[in-house]
Amino acid sequence: MRFRFSQGVLCLMIALIFIPATRLPYVELGACDPDEAVGAMVGQAILEGGIPYVDAIDHRGPLSYYFFATVFAIAGPLNMFALHIALMLMIMSMAILIYRIGTHAFSDRVAGWATLLFAILSWTGKPPDMLAAHTEWLMAFFTLPGFWVWL
């Protein structure tokens, strides 16, 4: 079986998301920025029986709080290590979905380049902006399957 260009790009994409030069060193950090810290606190409040926007208030939509609460319910209270691992897995699944959308709409080569570009751009900004579990990651995560269904 011949190793195709797109398979090589997928392997490179996985490496770019997980290798120590990119996200892995930051997994051990606590909250990467204040927004992530606030989201973690609201998520923890949900697990303790609190109600978003009543017992813990912030201006974002509830999706990110329930994502944080789900990770904390599985991995333990305020476990930012697990949250950052969950974020990496979510970004990985987004990259795979971008690849699938690209192969469906264009070609393997275009899908490979789009996936590689996404993998690189997912960590090349300022670390607090790119490495934190922001609401925007969740919005993009749920937008991609919607786009896939629409296509």
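The structure we're discussing is the one just above.
Residues numbered from 1 in each chain as written. Predicted model: local features only at pLDDT ≥ 70, side-chain atom pairs only at ≥ 80, totals over all residues. Heavy atoms only, no water.

(A) Representation of helix H7 (residues 135–150) within the structure. Between its terminal C-alpha atoms H7 stretches 23 Å, which fits the 22 Å expected from 16 residues at 1.5 Å a residue. Among the residues of H7, those classed as buried are Thr 135, Trp 137, Leu 138 and Leu 144. (Helix = DSSP H or I, 4+ residues; strand = E, 2+ residues; numbered from the N terminus. Expected span 1.5 Å × (residues − 1). Buried < 20%, exposed > 50% of the residue type's maximum accessible area, 1.4 Å probe, protein only.)

(B) Structural detail: the nonpolar core. Membership of the largest hydrophobic core comes to 28 residues, with the highest contact counts inside it found for Phe 67, Phe 68, Val 71, Phe 72, Leu 83, Phe 118 and Trp 137. Taken together, the elements giving at least two residues each to this core come down to helix H1 (5–18), helix H3 (62–75), helix H4 (80–105), helix H5 (108–121) and H7. Top contributing element to this core by residue count: H4, with 13 residues. Residues Ala 45, Ala 56, Tyr 65 and Ala 69 belong to the second largest nonpolar core, which totals six residues. (Core = buried A, V, L, I, M, F, W, Y, C linked by side-chain atoms within 4.5 Å.)

(C) Spotlight on H3. For H3, with 14 residues, the first-to-last C-alpha span of 20 Å sits near the 20 Å given by 1.5 Å per residue. Listed in full, the buried residues belonging to H3 are Ser 64, Tyr 65, Phe 67, Phe 68, Ala 69, Val 71 and Phe 72. Elements that come into contact with the buried residues of H3 comprise helix H2 (34–47), H4 and H7. One or two positions beyond H3, positive phi appears at Gly 76, with a value near 115 degrees. (Contact = heavy atoms within 4.5 Å.)

(D) Up close: the packing of H3 against H7. Across the interface, H3 lies against H7 with an axial gap of 9 Å and an inter-helix angle of 95 degrees. On the basis of the axis angle, H3 is roughly perpendicular to H7. Of the residues in H7, those in contact with Leu 63, Ser 64 and Phe 67 of H3 are Thr 135, Leu 138 and Phe 142. Residue classes in the contact of H3 with H7 are distributed as four nonpolar, two polar and no charged. (Axes fitted to C-alpha atoms, helices over the stretch in contact; angles between N-to-C directions. Parallel < 35°, antiparallel > 145°, perpendicular 65-115°, else oblique. Nonpolar A, V, L, I, M, F, W, Y, C, P; charged D, E, K, R; others polar.)

(E) Highlighting the environment of His 84. When you line up the elements, His 84 lands in helix H4. Assessed through its relative accessible area of 3%, His 84 is described here as buried. As for His 84 and Ala 132, which are separated by 48 residues in sequence, their C-alpha atoms are 7.4 Å apart.

These figures capture arrangement, not role.
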